[in-house]
Amino acid sequence: MLVNRVGLLCLLMLAAGLFLVGLLPQSALGNLHPDRSEDIVFAGSATYAPFQWLDAQGQAKGFVIDLQDAMAQRGGVAAEHRLTAWELALQAVESGEADAVALFASERRSQQYDFSNPFYHQFHSIFSHTEGVRFSNLDALRGKTVAVTTAGYAQEQLAEEHPDIRLQPVKSERACILAVHTREADACIESTLSAKRLAADYDVGSTSSPFWPRPYVFAVRKGNSDLLEWLNFQLAATQSDGTYFAIYQKWLPELEWRKPTIADHLNTLAWIIAPILLLALLGLIGAWVLKRQVARKTRQLTAELRSRRRLEKQLRDQAEYDAATGLPSRQAFIDDLERRLSGAPDWSPTLVFLRLQSLDSVTSTFGRIGHEKLIKDFGYHVEHLGFPLVSHLGTGTFALTTPQELSPEETMTRLTTSFYIEGLYVDPGVVMGISIGRADNDDKDSASTHAEELLRRAVTAFASAHAKGNTWCVYTPQLQPDPRDLILLHDFRQHGTRDMRLVYQPKLDLASGRIREAEALIRWEHPRLGFISPGHFIPLLEKAGVITRLTRWVIDEAIEELARCRTRDSDFGISVNIAAHDLSDGAGLVDFLLDKRSKSSLQGLQLEITETGVIQDHDHTQRVIATLREINIGCAVDDFGTGYASLSYLSRFPIEEVKLDRSFIRNMRENRRDYAIVASTIELAHTLGLKVTAEGIEDQATLKALAELGCDTAQGYVISHPIAAEEVYRMMDKHYLEWT
């Protein structure tokens, strides 16, 4: 009952904060409302009473079920509840069969899911046999067999922190209690609220104080930010309009249920017989019983109050301080910064967000102990440097404010040091994002968002520094990500290449004067944003890790078009651009092309390596290109002479063609250096047995000069702009060189 009352107190504190949503003007609330048109599918356990379970008729019931229904109804969608074994419920969210699931938040689970704001807090307890050993703490379970629900929080936590405890995974909470009842397990560790009701039906009881206070949240698949925003909004809205508390009151008897004790029965009996005893014994015995009851209740209430105060203090400390470093938590840092901003309107703070870049390598080298030591030692170091505010935000990320006179260089100098870990000095590799000055905010009633905005700007600056390989970066508005990029990534993930098409730029054979090849080029006509340049969206898709999907679609389309072109010219060829990222996934690319070859001919297909990223593993790339050559797919180096495409390609990789970049071709007749570069590159390529293509030719004089230098093929606007495939057909039989 103590745990439940503390849980209620935590919920009331959480709801009080979120109640601010209800104070927003309706116009502002409308602007913040995240739209959702699809019904939402919630996964969950079929046996997790009183939160969620299936009754005898197979109907979903419970506190969480009612909350989910209320959120869905408020959001204008229907909620479907798929309750099954807990392990299958988690798998449903991970596979996309379900949208969300209610669970305990943990660091391990945060690697697979994104979490909503907490809507409840729960604890775990040890349940032991009433006629056996009563285990009061985890240390007492060393070497013992402990039943845990498969894929539950207890199994994850014990496997990581207590490997000396033998775990016996079971399918449900009831199975966990039954394992103790039948002596198959020494103890069961489960959620206090769900397991205590089950234990009442057997000779099993809770024998420990509650531990592992964890927030109960909705979890969605990693990266599903739209759904997460929708869940947070609906959750906040139900709390602000009173719906949440109505549901909570409905289920309160179940949430605060406890097995009646002998003291409860005696108490009831005493109230029944008290009048009779008073009359029979002239009130003497009745007064004595009442005195004993009052004394016992007083002792119980006093003990409960002391325990409650200890638990409240523990929860406050956990909420306000990071366990790994002892530094203030993220929320405590934000609250303190907000108070200082409000109390000093003229204060212009410098906020630094930083991450220990060496943390992953330290973890790989020294394990969990080295990981925790680096974080703890760095936290101690930064705490004693005199910064006004310091916080550990988790996973090796810190936030701090600096004295106004301290420059970024001086800040980095103070932070830079080495730490001694298991016989080695380790550099933590600090990378900083810096936000200088107060955050502009046109809404004067929203001052509470200033601190969060400053931290967001520092995180944005950090992302820029990390991406560019710098040690620090100061925030400017130009660092803000383009909202159009978010739209493009979302639409590509949703619709793929639906709004894309291929065009083809003919390549002129300078020996015959005819069109014998074409380069496939992609175009994206976005329904809302219009034409999107390939130079913009291709690097964007590469960075997001989805370029392989686009590359394979382009190859599919090009192969189909190649078959049509070769009915008109049996030697016609089409080239397709691929990125360094595609080559790094060499096995996947080769397997894909082998599968295509089993269905259609790839004769005449060529791949052009476009360097939008550095090739990291040259040996691997060399093997991939050699394998492609074995299946008669040649490779060309695009934009040769610029960026990473250099002479090293000619020696490292078995390529068949180089494409001279337009920057050398454009002024080759006026610039002697460019002319010399073009002439020498053609001669070198031919000596190596390579074909040469010149790009970006815009006049006949340049075309003729290239022909005189022995260049093999050419492409550019003087020959043709990128055109539809049907127009290429009409160009195949024509002669395009005036001097041949």
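This is a predicted model, so every value here is computed, not measured.

1. Overview of the overall build of the protein
Here is step 1: Along the protein, the regular secondary structure elements total 27 helices and 29 strands.
Here is step 2: Relative to its 740 residues, the protein shows a buried fraction of 47%.
Here is step 3: Carbon and sulfur atoms make up 52% of the accessible area of the protein, which totals about 36700 Å².

2. So, the side chain of Asp-99
Here is step 1: Tracing the sequence through the fold places Asp-99 in the loop between α5 (86-95) and β6 (100-104).
Here is step 2: From its side chain, Asp-99 meets the backbone nitrogen of Val-41 in a polar contact 2.8 Å long.
Here is step 3: Not counting residues within four places of it along the chain, the set of residues in contact with Asp-99 comprises Arg-36, Asp-39, Ile-40, Val-41, Val-93, Ala-219, Val-220 and Leu-227.

3. Looking at the sheet that holds strand β19 (residues 430-436)
Here is step 1: In space, the five strands of this open sheet follow the order β15-β16-β14-β19-β20, with mixed pairing throughout. Both edges of this open sheet fall to β15 (389-394) and β20 (472-474), since each of them pairs with a single strand only. Across this sheet, the average inter-strand angle for adjacent strands is 15 degrees, counted without regard to direction.
Here is step 2: Of the strands in this sheet, β14 (350-356), β15, β16 (397-402) and β19 are in contact with helix α14 (residues 359-383), which crosses β14 at around 155 degrees.
Here is step 3: Its contacts with the sheet place helix α15 (residues 408-415) against β14, β16, β19 and β20, and it is angled at close to 145 degrees to β19.

4. Details of the pattern of salt bridges
Here is step 1: Going through the model one piece at a time under the given rule, you end up with 35 salt bridges.
Here is step 2: Of the charged contacts, one joins Glu-657 and Lys-507 as a salt bridge, the two residues approaching to 3.3 Å between their closest N and O atoms. Taken as a pair, Glu-657 in strand β27 (residues 657-660) and Lys-507 in strand β21 (residues 500-509) lie far apart in primary sequence, 150 residues in all. Each member of the pair, Glu-657 as well as Lys-507, is classed as buried.
Here is step 3: Across the salt bridge formed by Glu-670 and Arg-669, the nearest N and O atoms sit 3.8 Å from each other.
Here is step 4: Judged by its relative accessible area of 56%, Glu-670 is exposed.

5. Some remarks on the packing of helix α4 (residues 63-74) against helix α9 (residues 225-240)
Here is step 1: Relative orientation of the contacting elements α4 and α9 amounts to 105 degrees, with a least axis distance of 9 Å. With respect to each other, α4 and α9 are oriented roughly perpendicular. Along its contact with α4, which presents Leu-67, Ala-70, Met-71, Ala-72 and Arg-74, the element α9 presents Trp-230, Leu-231, Phe-233, Gln-234, Leu-235, Ala-237 and Thr-238.
Here is step 2: The class makeup of the residues in the contact of α4 with α9 is nine nonpolar, two polar and one charged.

6. What to know about the sheet that holds strand β3 (residues 52-54)
Here is step 1: A sheet is described by the order of its strands in space; here three strands give the open sequence β2-β3-β4, paired in antiparallel fashion. Each having just a single partner strand, β2 (47-48) and β4 (60-61) make up the two edges of the open sheet.
Here is step 2: For β3 and β4, the ladder comprises two bridges, and the chain directions are antiparallel. The residue of β4 that forms the bridge with Leu-54 is Ala-60.

7. What to know about unusual backbone geometry
Here is step 1: A cis geometry characterises the amide bond from Ala-49 onward to Pro-50, with omega recorded as 5 degrees.
Here is step 2: Mapped onto the elements, Pro-50 comes out in the loop between β2 and β3.
Here is step 3: For Ala-151, which is not glycine, the phi dihedral falls at a positive 70 degrees.
Here is step 4: Among the structural elements, Ala-151 can be located in the loop between β9 (145-149) and α6 (153-161).
Here is step 5: Under the relative-accessibility criterion, Ala-151 is labelled buried at 15%.

8. Side note on the nonpolar core
Here is step 1: Core analysis: the largest hydrophobic core is formed by 77 residues, its most contacted members being Leu-550, Leu-593, Leu-605, Leu-607, Leu-628 and Leu-706.
Here is step 2: Take this core: its biggest share by element is nine residues, from helix α19 (residues 547-565).
Here is step 3: Among all residues touching Leu-605, those that are not within four sequence positions of it are Ile-555, Ile-559, Leu-562, Ile-574, Val-576, Leu-593, Asn-632, Ile-633 and Gly-634.
Here is step 4: Listed in part, the 45 residues of the second largest apolar core include Ala-187, Leu-228, Leu-235 and Tyr-248.

9. Topic: the confidence of the model for the protein
Here is step 1: Residues of the protein with pLDDT of at least 70 account for 88%, and the chain-wide mean is 86.
Here is step 2: Under a pLDDT of 50 for its full length, residues 1-32 has, in the predicted model, 43 contacts with residues more than four places off or in other chains.
Here is step 3: For the stretch residues 442-448, pLDDT sits under 50, and the model shows three contacts to residues farther than four places along the chain or on other chains.

10. Quick word on α14
Here is step 1: Here α14 spans only 19 Å end to end across 25 residues, well under the 36 Å set by a 1.5 Å rise per residue.
Here is step 2: The largest bend in α14 comes to about 135 degrees, at Phe-366.
Here is step 3: Where α14 is concerned, the buried positions are Leu-359, Val-362, Phe-366, Gly-370, His-371, Leu-374, Ile-375, Phe-378, Gly-379, His-381 and Val-382.

11. Notes on the packing of helix α7 (residues 173-181) against helix α8 (residues 192-199)
Here is step 1: Relative to each other, α7 and α8 sit at 55 degrees, their axes nearing to 9 Å. Taken together, α7 and α8 sit at an angle that is classed as oblique. Along this stretch, α7 crosses α8, giving a crossing that reads as right-handed. Contacts between α7 and α8 pair Glu-173, Arg-174 and Ile-177 from the former with Ser-194, Ala-195, Leu-198 and Ala-199 from the latter.

12. Side note on the state of the cysteines
What is meant by a disulfide is a covalent connection between two cysteines, made through their sulfur atoms.
Here is step 1: Under the counting rule described, the total for this entry stands at one disulfide.
Here is step 2: With its sulfur 2.0 Å from that of its partner, Cys-176 forms a disulfide with Cys-188. Since a negative S-S torsion denotes a left-handed disulfide, the Cys-176-Cys-188 link at about 115 degrees is right-handed. Of the two residues, Cys-176 sits in helix α7 while Cys-188 sits in strand β11 (residues 187-191), which places them 12 residues apart along the sequence. Each of the two residues, Cys-176 as well as Cys-188, counts as buried.

13. Regarding the packing of aromatic side chains
Here the distance between the centres and the angle between the planes together describe a pair of aromatic rings.
Here is step 1: This structure, assessed with the given rule, holds 24 aromatic pairs.
Here is step 2: Measuring from ring centre to ring centre gives 5.8 Å for Trp-53 and Trp-251, while their planes differ by 85 degrees; the resulting arrangement is edge-to-face. Of this pair, Trp-53 sits in strand β3 while Trp-251 sits in helix α10 (residues 243-255), placing them 198 residues apart in sequence.
Here is step 3: Centre to centre, the rings of Tyr-120 and Tyr-248 are 6.3 Å apart; their planes meet at 40 degrees, and the pair counts as tilted. Residue Tyr-120 is found in strand β8 (residues 120-129), and its partner Tyr-248 is found in helix α10; the two are separated by 128 residues along the sequence.

So, how was this worked out
- Residues numbered from 1 in each chain as written.
- Predicted model: local features only at pLDDT ≥ 70, side-chain atom pairs only at ≥ 80, totals over all residues.
- Heavy atoms only, no water.
- Helix = DSSP H or I, 4+ residues; strand = E, 2+ residues; numbered from the N terminus.
- Buried < 20%, exposed > 50% of the residue type's maximum accessible area, 1.4 Å probe, protein only.
- Areas by Shrake-Rupley, 256 points an atom, 1.4 Å probe, with all protein chains shown as cover.
- Polar contact = N/O pair within 3.5 Å; in protein donor to acceptor, adjacent residues only side chain to side chain.
- Contact = heavy atoms within 4.5 Å.
- Pairing = 2+ DSSP bridges.
- Axes fitted to C-alpha atoms, helices over the stretch in contact; angles between N-to-C directions.
- Salt bridge = Lys/Arg side-chain N within 4 Å of Asp/Glu carboxyl O.
- Parallel < 35°, antiparallel > 145°, perpendicular 65-115°, else oblique.
- Nonpolar A, V, L, I, M, F, W, Y, C, P; charged D, E, K, R; others polar.
- Core = buried A, V, L, I, M, F, W, Y, C linked by side-chain atoms within 4.5 Å.
- pLDDT = per-residue confidence, 0-100.
- Expected span 1.5 Å × (residues − 1).
- Bend = angle between axes of the 7 residues up to and from the residue.
- Left-handed = near helix turned anticlockwise from the far one by under 90°.
- Disulfide = S-S within 2.5 Å.
- Phe/Tyr/Trp six-rings, centres within 6.5 Å; stacked < 30°, edge-to-face > 60°.

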